[in-house]
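Notes for the structure review
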Amino acid sequence: RHAPPAAPVAPPPGEGDWVINLASYANESYASRKAAEFVDEGVSVEQVAATVKGKTIYRLRVAGFDSFRAASAEAGNIRTRLGLQDTWVARR
């Protein structure tokens, strides 16, 4: 028997301008695999491409928060759930 999926710790992507950036990867397929792992852990993530110092990276983030405060409050829960060291809050 499989355990029921964990309840999401963050709201699904919404309309707010604030996001929690979870991780960035240079390899798109690896980023996609990590995104799938995070979704399996109950965290709704989106993958976006960004250019940093002339190179494309693939960021995983939870989007849709209405304020910096709301995103920051949820970031700790997500770090714990996913076993991440660092996350950062930013505007879209």
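Up top you'll find the structure we're talking about.
Here goes a summary of the coordinates provided. The structure presented is a predicted model; accordingly, all values stated were derived computationally and were not measured.

Observations concerning the overall build of the protein
- Helix and strand counts for the protein come out as two helices and four strands.
- Written out in order from the N terminus, the α and β elements of the protein read β-α-β-β-α-β.
- Residue pairs in contact within the protein that sit at least 24 positions apart in sequence constitute 71% of those at least 6 positions apart.
- In the structure as shown, the protein presents an accessible area of about 5,900 Å², 49% of it carried by carbon and sulfur atoms.

Some points on the sheet that holds strand S3 (residues 55–64)
- Pairing within the open sheet is antiparallel, and its four strands lie in the order S2-S3-S1-S4. Only two strands of the sheet have a single neighbouring strand rather than two, namely strand S2 (46–52) and strand S4 (88–91). Across the sheet, the mean angle separating the axes of adjacent strands is 45° when strand polarity is ignored.
- Where helix H1 (residues 28–40) meets the sheet, its contacts fall on strand S1 (16–25), S2 and S3, and the angle it forms with S3 comes to roughly 20°.

Here is what the cut-offs are and how they apply
Residues numbered from 1 in each chain as written. Predicted model: local features only at pLDDT ≥ 70, side-chain atom pairs only at ≥ 80, totals over all residues. Heavy atoms only, no water. Helix = DSSP H or I, 4+ residues; strand = E, 2+ residues; numbered from the N terminus. Contact = heavy atoms within 4.5 Å. Areas by Shrake-Rupley, 256 points an atom, 1.4 Å probe, with all protein chains shown as cover. Pairing = 2+ DSSP bridges. Axes fitted to C-alpha atoms, helices over the stretch in contact; angles between N-to-C directions.

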